[in-house]
Amino acid sequence: MKRVLPFLLTYIVSLMSVSCVDEISDSSLLMQEMTFSATIQSETRTMLTESNGVSWLPGDQIAVNAANEPFTADIEEPSDFTLFTGSAYQAANYYAVYPYSLFRVFDDSMAIIEMPHIQKAVKGGFADDLNISVARASSDEMSFRFRNVLGYVKFTISEESDPIKSVTVRTIGKEPLAGVIKVDCSSDYPSAILHDNSQYSVTLVSETVLEPGNYYIGLVPGRYALGLEFSFMNEEGLVAI
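For clarity, every value in this text was computed on a predicted model and none was experimentally measured. (Residues numbered from 1 in each chain as written. Predicted model: local features only at pLDDT ≥ 70, side-chain atom pairs only at ≥ 80, totals over all residues. Heavy atoms only, no water.)

K.L.:
For the sheet that holds strand 14 (residues 166–171), give the residues involved together with the corresponding values.
P.N.:
Taken in spatial order, the five strands make up an open sheet running 10-17-14-19-20, and their pairing is mixed. The sheet is open, and its two borders are formed by strand 10 (118–120) and strand 20 (239–240), each paired with just one other strand. (Pairing = 2+ DSSP bridges. Helix = DSSP H or I, 4+ residues; strand = E, 2+ residues; numbered from the N terminus.)

Written out as structure tokens, the structure reads:
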């Protein structure tokens, strides 16, 4: 037994060495710099322009399923097309989520995303990073076509309106409007499924009063049997419904 043991130890060490070499030589286990092209559907936007056009913004970031860090848009001004660059592992299919700031985790093609119930008011549109959209791409094409996930309700502050500080929309029938959602990025028609922390109201807030004009509130799409109810709060904290 004493003579056999050294040979066995040498053999085991040799196998371990070969295994390590195989892992390092497998390119699928290494992070690589990649670039994806990205377009947006007609109703998907990160910014709503005055003509209701759709645009990516400089600095926009997306989450990619095979990456540990965000991919960043390579543009210097708003555009309906951009390239996203970052580092990721090789995969047969890639899935993406916009915006990166609301993304939590991927579970295969399913993305877990935080849908905020407190939103920043932006006259004529909505907050730059509010819109949630997802996309898929094959390793052969490396091209994302983002599809919108949320619905939006529009309201107007008139010139005759009293100063409004915030606006809240809620479901009368207690259907959820926001929370942690689950979205299948592989679907041609991605839909949001409430996953956790359901919220039955969404509030649009402003640092000052809302100027006269159009505003949008992002909501999880659904059927609201008893409808929606709006409430408006002024600077003194008084609420009108």
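K.L.:
Go over the sheet that holds strand 5 (residues 71–73) with me, naming the residues and quoting the values.
P.N.:
Around the barrel, which closes on itself, the seven strands sit in the order 1-6-5-4-7-11-12 with mixed pairing between neighbours. Each strand of the sheet is rotated relative to its neighbour by a mean of 30°, with strand direction disregarded. Bridge count between strand 4 (residues 61–64) and strand 7 (residues 93–98): two bridges; the pairing is antiparallel. Paired with A63 across the strands is V97, a residue of strand 7. (Axes fitted to C-alpha atoms, helices over the stretch in contact; angles between N-to-C directions.)

K.L.:
How would you sum up the nonpolar core? Please name residues and give values.
P.N.:
In terms of nonpolar packing, the biggest core is built from 33 residues, with V97, I113, I181 and I217 touching the most fellow members. Elements with a contribution of two residues or more to this core: strand 7, strand 8 (103–107), strand 9 (110–115), strand 13 (151–157), strand 14, strand 15 (178–184), strand 17 (201–205) and strand 18 (213–219). Ignoring sequence-local partners within four residues, the contact set of V97 consists of I62, A63, F103, F106, A111, I113, S133, V134, F146 and C185. By size, the runner-up hydrophobic cluster in this structure holds 22 residues, among which are F36, A73, F84 and F146. (Core = buried A, V, L, I, M, F, W, Y, C linked by side-chain atoms within 4.5 Å. Buried < 20%, exposed > 50% of the residue type's maximum accessible area, 1.4 Å probe, protein only. Contact = heavy atoms within 4.5 Å.)

K.L.:
Got a sec to walk through the pairing of strand 17? Specific residues and values, please.
P.N.:
Bridge analysis of strand 10 against strand 17 gives three bridges, and the strand direction is parallel. The residue of strand 17 that forms the bridge with I118 is T203. Across five bridges, strand 14 lies against strand 17 in antiparallel orientation. Across the sheet, the residue bridging to R170 is S201, located in strand 17.

K.L.:
Talk me through the packing of aromatic side chains; I want residue IDs and the actual numbers.
P.N.:
Under the criterion given, the structure shown has 15 aromatic pairs. A centroid spacing of 5.7 Å and a plane angle of 20° characterise the contact between F155 and Y215, whose relative ring orientation is stacked. Residue F155 is located in strand 13, and its partner Y215 is located in strand 18; the two are separated by 60 residues in the primary sequence. On the basis of relative accessibility, which here comes to 8%, the residue F155 falls in the buried class. Exposure remark for Y215: the relative accessible area of 2% places this residue in the buried category. Three or more aromatic residues joined by ring pairs form one cluster here, namely F36, W56, F71, F84, Y94, Y98, F144 and F146. (Phe/Tyr/Trp six-rings, centres within 6.5 Å; stacked < 30°, edge-to-face > 60°.)

K.L.:
I'd like a description of the pattern of salt bridges, backed by residues and values.
P.N.:
Under the criterion given, the structure shown has four salt bridges. Here R104 and E114 are joined by a salt bridge, their closest N and O atoms 2.9 Å apart. With R104 in strand 8 and E114 in strand 9, the pair connects residues that are ten residues apart, well separated along the chain. We note a salt bridge from R170 to E229, for which the minimum N-O separation is 3.6 Å. One end of the pair, R170, is in strand 14; the other, E229, is in strand 19 (residues 228–233), with 59 residues separating them in the sequence. Given a relative accessible area of 29%, R170 falls into the partly exposed group. Classification of E229 as partly exposed rests on a relative accessible area of 26%. (Salt bridge = Lys/Arg side-chain N within 4 Å of Asp/Glu carboxyl O.)

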